[in-house]
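# Results of the structural survey
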Amino acid sequence: MYQKHNIHNIPMRKSYQRRRRGYQYLFSLWALILIHWSSAVWAAPDPTAVTTLAGSSSGYADGTGTAAQFEGPRSVVVDTAGNLYVADTDNHRIRKIVLATGVVSTLAGDGTAAFADNTGTAAKFNEPRGVAIDTAGNLYVADSSNNRIRKIVLTTGVVTTLAGSGTTGYADGMGTAAKFKFPYGVAVDTAGNLYVADSSNNRIRKIVLTTGVVTTLAGSGTTGYADGMGTAAKFKFPYGVAVDTAGNLYVADTGNHRIRKIVLVTGVVSTLAGDGTGSYADGTGTAAKFNFPYGIEVDTAGNLYVADVDNHRIRKIVLTTGVVSTLAGNGTGSYADGTGTAAQFNGPRDVAVDTVGNLYVADTDNNRIRKMSPPPSAGFASTPAPASTINVGTATVSSSVSTTLSISETGTAQLEVTSLALSGTDAAEFSVSPSTAFSIADGGGAQTVTLTCTPTTAGSKTATLTVTHNGTGTVSSPVTYTLNCTGTASLTYTVTPPLPEQLSLFLQVDGKGHGKVTTDTGLSCQSSDCQVDLKSGDLKCNPQNCTQLEKTVSYVTLTPQADAD
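Here goes a summary of the coordinates provided. This one's a predicted model, so the numbers in the text were calculated from it and none came from an experiment.

### Structural notes on the state of the cysteines
Applying the stated criterion across every chain yields a total of one disulfide. Disulfide pairing places C453 opposite C485 at an S-S distance of 1.8 Å. Of the two residues, C453 is situated in strand β37 (residues 446–453) and C485 in strand β39 (residues 479–488); the sequence distance between them amounts to 32 residues. With a relative accessible area of 0%, C453 lands in the buried category. According to the relative accessible area criterion, C485 is buried, its value standing at 2%.

Structure (structure tokens):
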């Protein structure tokens, strides 16, 4: 049933084929994944927009972006400084990509399929397939056909052998006394342990980085499928491993078409997802189907990503629920950038997550490194914040008062505000401007919305403003605000000419009709609160600052201010 992997058409040396004669029905491509525990929390929406970061046709060339060439890259890992490292398997090299620029260079390996510890390109690898990074700035390599685990100090490029004798076999032990059989996936935890998918030994191994001591974590060594504790469990050519921050190790049990879980403190092995048939189906847990899953990666938001090789897709598993979905790829082994199922991969072997939520894919049979990002989406923000109560102010009846609402775009696409609607009993007392749809370009600043209240009667007024938009993220559409304002009455008092002597005196001195008003009913208003219409003789007061209100008065005395001259 594994004969179909011959379609991968990745060239292999004859000596390697002879050593693998008993396993040639297995796979000619391998993958692994490091969990980088500092990965950023994944934000909605999922990273489904696929582009090409680097690589073009098969070959070897350093350069920028698509000017660079790879030969069957199998594994990728991201550091915290913005660099991506690639196990360029069939070029027998470890490559480095600066993510900000796309510049590709060679970190280590001279391109010869051999073994030598040394510095940079003086070192030799033989089909390296797995890479992982620790927090101290060291890169670990599953040097598969050398049956060794190598270490590269990133600051110097010095390559050494951490474990493995170079002889195919199985043995626990310290450093080079240990033996592996075509190790593939590697992952580092925060406690200083390296985990190895020892594929042809059907075991998961553990290396203590400070001592080099190699032990067996799980797997009996017999090809098969069984959940259980430690060596009672069985795997079938496991290729990928990843660690979460809760003390669990996940395994791409490739030949069993399943994703397994190991609790590190107990060694208990269980099945997270996959029913064991080499097929394709999204679903929950064992209702989902994979077809030779290889590289896996965990983010700190609780998601596991899977390079589903023969399905030519990138899958996602929510760890808390076991729900499996497809992020990108349509099942056709080809090449196309695009979003979701419009994108195409050809035998993707590995995935890695950076600190801002982008996925990187070793698109092996396309000899490219792909990038998956959330598709451009608008974000909505406002001042005052959404759901706020906004006090527009106080106005006398039939006059207006205004305040502003500032709306801005916070995402990566143009924000479309499609409507601004007022509702509620007092909605007619309020207005907004602009009142029709408007757009804010990505990075285009803010749009000021003027909120106006024009009360028709005295008293408290309230309404709801509802804003609909195309933004996604933490502020979903629609957004509502509660608007409040207060209307106050204007009382009119008529002074029948001829004007009283005191009032006439005031008008002559002040010339504006402002002053202190006293009535025989005790109405007292401050100087700025009353005004006499010089033409009609009407006296108007704003009652909110008056000590007493009376609807009618029989006598008005208006005394000028002391400094009115």
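### Topic: the environment of S419
On the secondary structure map, S419 appears in strand β34 (residues 415–423). Taking the C-alpha atoms as reference points, S419 and F438, 19 residues apart in sequence, are found 8.3 Å from one another. Setting aside its immediate chain neighbours within four residues, S419 contacts T466, V467 and T468.

### Brief notes about the sheet that holds strand β18 (residues 240–243)
Strand order in the open sheet formed by five strands is β17-β21-β20-β19-β18, and the pairing between neighbours is antiparallel. Either end of the sheet is taken by a strand with one partner, and the two such strands are β17 (228–229) and β18. Alignment of β17 against strand β21 (residues 268–273), held across two bridges, turns out to be antiparallel. Bridged to G228 within β21 is V269.

### Description of the pairing of strand β29 (residues 359–363)
Summarising burial for β29: five of the five residues are buried, a large majority. Burial of the side chains of β29 extends over both faces: L359, V361 and D363 are buried on one face and Y360 and A362 on the other. Here strand β28 (residues 348–353) runs beside β29; their pairing, made up of five bridges, is antiparallel. Residue pairing across strands places V353 opposite L359, the latter belonging to β29. Two strands pair when backbone bridges link them, and β29 and strand β30 (residues 368–373) are joined in this way by five bridges, in the antiparallel orientation. Across the sheet, V361 pairs through a bridge with R370, a residue of β30. Connecting β29 to the next strand, β30, in antiparallel fashion are four residues, including N367 with a positive phi near 55 degrees.

Cut-off values and rules
- Residues numbered from 1 in each chain as written.
- Predicted model: local features only at pLDDT ≥ 70, side-chain atom pairs only at ≥ 80, totals over all residues.
- Heavy atoms only, no water.
- Disulfide = S-S within 2.5 Å.
- Helix = DSSP H or I, 4+ residues; strand = E, 2+ residues; numbered from the N terminus.
- Buried < 20%, exposed > 50% of the residue type's maximum accessible area, 1.4 Å probe, protein only.
- Contact = heavy atoms within 4.5 Å.
- Pairing = 2+ DSSP bridges.

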